[in-house]
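Single-letter residue listing:
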Amino acid sequence: MVPPCDHECVGVVIPDAGDTYWLLDRGKPPPGWAGVGDHLDDHGGPEAAARAKTLEELSITVVSLIPAFEDWLPNWCRRRHQPRKLGHHWHLFIAEWRGQPTPEPEEARGLRRFHRRQLQVLAERTAAYAIGDVTPPQFAADPGLELPWAYWAHRLGLVDLPRDVLSRIIDRSALPPDVLSLNSRTPS
Ligand SMILES: [Zn+2]
């Protein structure tokens, strides 16, 4: 059984040679390409959770973790959460690792390595989604970065997005994707 939301998350950036980065498309809401990440749960701390999730999602072993930053994001998740509380305290890491990234069939619809230039293209698609230029069904079919990950990629200096767009991305990250779908079908 899935535990309730603990409002604590880890996110792990998985860099590779040639300024490339491994991202997952989990194929479930919220849509988008994302780094390794999940709730802290009972892993015993952010570093332990980051190691466990990286092994679980990509089948690779973390050699070391470089803490990047911690921040609160009001992002929606699939889990049941406390009343009047929505969002997560995120612990972001950059991993040094060994192994061959392999998607766990239960965990991912896709696993790909993107060059930094492609991250910018994905982030701009997320920006278009956050602003409303790309509809939720369009975004789900051909996603950019997952909303929180567009923000983290900017914070990490991997992509560059305007400040007003970032605040739209943060606002939208708080909404359930199905609500966005319903809104998009409402005649204007
Ligand atoms: Zn949660």
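Within any chain, residue numbers begin from 1 and follow the written order of that chain's sequence. In view of the model being predicted, local features appear only for residues whose pLDDT reaches at least 70, and side-chain atom pairs are presented and counted only at 80 or more, with totals across whole chains, interfaces and linings using the full set of residues. To get the side-chain values, take all heavy atoms of the structure and skip hydrogens and water.

Draft legend 1. Representation of the packing of aromatic side chains within the structure. Two rings belonging to Phe, Tyr or Trp (six-membered ring only in the last case) form a pair when the distance between their centres is within 6.5 Å. Interplanar angles under 30 degrees mark stacking, angles over 60 mark edge-to-face geometry, and anything in between is tilted. A complete count under the given rule lists six aromatic pairs for this structure. Here the aromatic rings of F69 and W152 are separated by 5.5 Å at their centres, their planes lie at 50 degrees, and the arrangement is tilted. Of this pair, F69 sits in strand β5 (residues 61–73) while W152 sits in helix α4 (residues 147–155); the two residues are 83 residues apart in sequence, bridging distant segments of the chain. Grouping residues by exposure puts F69 and W152 together as buried. Cluster of aromatic residues (ring-pair linked, three or more members): F69, W90, W149, Y151 and W152. Across the ring face of F69, the terminal group of R155 is positioned such that the distance to the ring centre comes to 4.1 Å. By the criterion adopted, a ring carries a charge over it if an Arg CZ or a Lys NZ lies within 6 Å of its centre and within 35 degrees of its normal. The ring of Y129 carries the charged tip of R172 above its face, separated from the ring centre by 5.5 Å. Under the DSSP-based scheme used, a helix requires at least four consecutive residues in state H or I and a strand at least two consecutive residues in state E, with every element numbered from the N terminus. Summary of the burial criterion: residues with accessible area below 20% of their type's maximum are buried, those above 50% are exposed, and those between are partly exposed, where the area comes from a 1.4 Å probe applied to protein chains only.

Draft legend 2. View of the pattern of salt bridges. Take a side-chain nitrogen of Lys or Arg and a carboxyl oxygen of Asp or Glu: if they are within 4 Å of each other, that pair is a salt bridge. For the structure shown, the criterion picks out 10 salt bridges. Ionic pairing is found between D25 and R109, a salt bridge with its closest N-O pair at 2.9 Å. Within this pair, whereas D25 is found in strand β2 (residues 20–25), its partner R109 is found in the loop between β6 (88–98) and β7 (110–115), the two being separated by 84 residues in sequence. Since its relative accessible area comes to 7%, D25 is described here as buried. What makes R109 exposed here is its relative accessible area of 54%. Notably, a salt bridge pairs D38 with K53, separated by 2.9 Å at the nearest N-O pair. Here D38, found in strand β4 (residues 36–39), pairs with K53, found in helix α1 (residues 46–58); they are 15 residues apart in sequence, far enough to count as distant.

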